[in-house]
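This is what each chain is made of:
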Amino acid sequence: MTDVPRRIWLARPQTDEAEIDEIRGVMESGTLTQGPKVAEFEGMVAERIGAAQTFATTSATTALHLTLAALGIGPGDEVLVPDFTFPATANVVVQQGAVPVLVDIDLATFAMDPADLAGKVTPRARAVIPVHPFGLPADMDPILEVAARDGLAVVEDAACALGADYHKRPVGSIGLAGCFSFHPRKSITTGEGGMIATSDATLAERIRLLRSHGGIRQGGRFVFEEAGFNYRMSDILAAVGVAQLRKLDEMLRVRRAVAALYDRALEGVAGVRAPGCPAGSSHTYQSYVVLLDPELDRDAVIARLAGAGIETTLGTYALHAQPFFARSFGRSPGDIPSSFRAFVSSLALPLHAGITSAQVDEVVGALKAAISSA
C-alpha cells in the first residue's frame, strides 16, 4: 500500500522570527547554559500563574521526578496517579522506588475520579498527582479534600494545561507544586523542556538544590550536599520559551476557536462524543480528544483517516494495560474500566493554530465516512 501524504497534521508548533531573534541574542551573549534567559522565562511563568517560585527543567518528566525527589518520596511510599495518562506520570514514581497506585477516571472529562481516589488511599500514601488531561483542569476541589484528609502532597501534572483555570485559579498553582511541559505538541514549546511551580519555600529550596547536582556555591566553588541531578534548561531553549509565552494568549484564543468549530461540526454526529468543559474551568485544548462509541474500531478509524491524509492518534494510555505496569502490579486489560474504555475509544483530532475552518469540516467529513464504514 502506498503511503498517503499527510495533508492535515495532528499538531504543529507555531514559530516565527520572534523565536529566532531571541535565540540570536542568546548566541551572541555567550551564555548558552542556564543563565539570565532561563531566569526571565521562569519569572514570566511565575507571574502568569501566580507562583512564588518556578524552576525550568529539561522536560515535564524531569520536573515531576525532581518534585518527588524533593518531597523525599521513596521505597515503601505510594503515590496515587490517574490510570489514563502518558506513562511519565507513573514512571517517575517507579524511578523513586515508590509504588504508583492507579486511579480510574471520569469518562466525561478523562480526569482522575475523586471518588475512586478516596477509596484507594492507604497509610502508605504520600502524594497524589492529578493530571489535567489534554488541557482540561481536573476537578481539584474534591481531590484537595481527599489530600487534606489523608495528608497527601498534591503535585499537579499540568503538562498540557499552561493557561487553563479552575474556578479562577491558574492550573499549576492549586496544589503544593505544578509541573508543565513545553514539548512541541503543547500550546507553547521550547522544543523540549518543563517547569516546576510552587509557593512552598521549603520545597523550593530542595528543588533548587537537587536540580543542579545537589551543589551549593560557596567561595567560588560548589559544596555538594546531595546526590542531585542535572535537570537544568539551557538559555537557548528558554529563549524560545520567552518568545512563545508572549504569544500564549493569542495561541489559546486560536485553539479555543478551532475547538468551537469542531464542537459545532460534530453536533449530531452519531458515535462521537465531543470533549466537554465543565462550568468554572477553561480548557487549553492541547489536544481535541473525542470518545467513540464502544462498538466502533478506533484504530480502524485512525487508519481510514490516515488514508485520507489526515493525521490522528489515540487520546493517551491506560497504564494498567501496558506491559510494564501489568507485569509489575498484577494487572489485566480492563481492570480499571473507565480508563480502559478511554484508551481503546479515544481519538485525538488535528488541532493547532494553522488549522482552517475548511480543514475542520474536511476532518469531520472524513471522520463520518470512516465511522460509517467501521
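Refer to the preceding data block for the structure.
**Regarding the overall build of the protein chain**
Tallying secondary structure elements over the protein chain gives 13 helices and 16 strands in all. Over its C-alpha atoms the protein chain spans a radius of gyration of 21 Å, differing by no more than 12% from the 21 Å that the globule rule assigns to 374 residues. With the C-alpha coordinates aligned to their principal axes, the bounding extent of the protein chain is approximately 70 × 55 × 40 Å. Residues counted as buried form 53% of the 374 residues belonging to the protein chain. Restricting the contact set of the protein chain to residue pairs at least 6 apart, pairs at least 24 apart contribute 70%. A total accessible area of about 15300 Å² is found for the protein chain, and carbon and sulfur atoms account for 53% of it.

**Remarks on the sheet that holds strand 11 (residues 194-198)**
Whenever strands of a sheet pair, they do so through backbone hydrogen bonds, lying parallel or antiparallel. Spatial ordering of the open sheet is given by 1-11-10-7-6-2-3, a layout of seven strands whose pairing is mixed. The sheet is open, and its two borders are formed by strand 1 (53-57) and strand 3 (99-103), each paired with just one other strand. Sheet twist, expressed as the average angle between the axes of neighbouring strands with direction ignored, equals 25 degrees. Taken together, the two bridges between strand 6 (residues 125-128) and strand 7 (residues 153-157) define a ladder with parallel strand orientation. By the bridge assignment, alanine 127 is partnered in strand 7 with alanine 153.

**So, the packing of helix 9 (residues 248-266) against helix 13 (residues 357-372)**
Relative to each other, helix 9 and helix 13 sit at 40 degrees, their axes nearing to 10 Å. It follows from the interaxial angle that helix 9 and helix 13 lie oblique. The element helix 9 and its partner helix 13 pack so that their crossing is right-handed. Between helix 9 and helix 13, the contacting residues are Val258, Leu261, Tyr262, Ala265 and Leu266 on the first element and Ser357, Val360, Asp361, Val363, Val364 and Leu367 on the second. Partitioned by chemical class, the residues of the contact of helix 9 with helix 13 number nine nonpolar, one polar and one charged.

**Quick look at the nonpolar core**
Leu66, Val79, Val81, Val93, Ile129, Ile196 and Ile207 are the most contacted members of the largest nonpolar core, which has 31 residues in total. For this core, the secondary structure elements donating two or more residues are helix 3 (60-70), strand 2 (78-82), helix 4 (88-95), strand 7, strand 10 (177-181) and helix 7 (201-211). Sequence-distant contacts of valine 93, that is, excluding residues within four places in its chain, are made with Leu68, Val79, Val81, Ala98, Val99, Pro100 and Ile129. Core analysis: the second largest hydrophobic core is formed by 28 residues, Val269, Leu292, Leu296 and Leu349 among them.

**Let's talk about the sheet that holds strand 15 (residues 288-292)**
Pairing within the open sheet is antiparallel, and its three strands lie in the order 14-15-16. Bordering the open sheet on either side are strand 14 (272-273) and strand 16 (346-349), each of which pairs with just one other strand. Here strand 14 pairs with strand 15 via two bridges, running antiparallel. Bridged to valine 272 within strand 15 is leucine 292. The sheet strands contacting helix 13 are strand 14, strand 15 and strand 16, and the helix crosses strand 16 at an angle near 150 degrees.

**Re the pairing of strand 13 (residues 221-224)**
As paired strands, strand 12 (residues 215-218) and strand 13 are joined by four bridges and run antiparallel to one another. Looking at the pairing, isoleucine 216 lines up with valine 223 of strand 13.

**Notes on the packing of aromatic side chains**
This model, assessed by the stated rule, comprises 14 aromatic pairs. Summarising the aromatic geometry, the rings of phenylalanine 41 and phenylalanine 182 are spaced 5.1 Å apart at their centres and angled 55 degrees between planes, so their arrangement reads as tilted. A residue pair is termed long-range when its members are at least 10 positions apart, and phenylalanine 41 in helix 2 (residues 36-49) and phenylalanine 182 in the loop between strand 10 and strand 11 qualify at 141 residues. Just as phenylalanine 41 is buried, phenylalanine 182 falls in that class too. With a centroid separation of 4.8 Å and an interplanar angle of 25 degrees, the aromatic rings of tyrosine 262 and tyrosine 288 are classed as stacked. In this pair, tyrosine 262 sits in helix 9 while tyrosine 288 sits in strand 15, placing the two residues 26 residues apart along the sequence. Residue classification places tyrosine 288 among the buried positions, given a relative accessible area of 0%. The structure contains a cluster of three or more aromatic residues connected by ring pairs, namely Phe86, Tyr317, Phe340 and Phe343. Taking the ring centre of tryptophan 9 as reference, the NZ or CZ of arginine 12 above it sits at 4.5 Å. The ring of phenylalanine 110 is capped by arginine 273, whose NZ or CZ atom sits 5.4 Å from the centre of that ring.

Reading guide: rules and limits
- Residues numbered from 1 in each chain as written.
- Predicted model: local features only at pLDDT ≥ 70, side-chain atom pairs only at ≥ 80, totals over all residues.
- Heavy atoms only, no water.
- Helix = DSSP H or I, 4+ residues; strand = E, 2+ residues; numbered from the N terminus.
- Rg over C-alpha atoms; globule rule 2.2 N^0.38 Å.
- Buried < 20%, exposed > 50% of the residue type's maximum accessible area, 1.4 Å probe, protein only.
- Contact = heavy atoms within 4.5 Å.
- Areas by Shrake-Rupley, 256 points an atom, 1.4 Å probe, with all protein chains shown as cover.
- Pairing = 2+ DSSP bridges.
- Axes fitted to C-alpha atoms, helices over the stretch in contact; angles between N-to-C directions.
- Parallel < 35°, antiparallel > 145°, perpendicular 65-115°, else oblique.
- Left-handed = near helix turned anticlockwise from the far one by under 90°.
- Nonpolar A, V, L, I, M, F, W, Y, C, P; charged D, E, K, R; others polar.
- Core = buried A, V, L, I, M, F, W, Y, C linked by side-chain atoms within 4.5 Å.
- Phe/Tyr/Trp six-rings, centres within 6.5 Å; stacked < 30°, edge-to-face > 60°.
- Lys NZ or Arg CZ within 6 Å of the ring centre and 35° of its normal.

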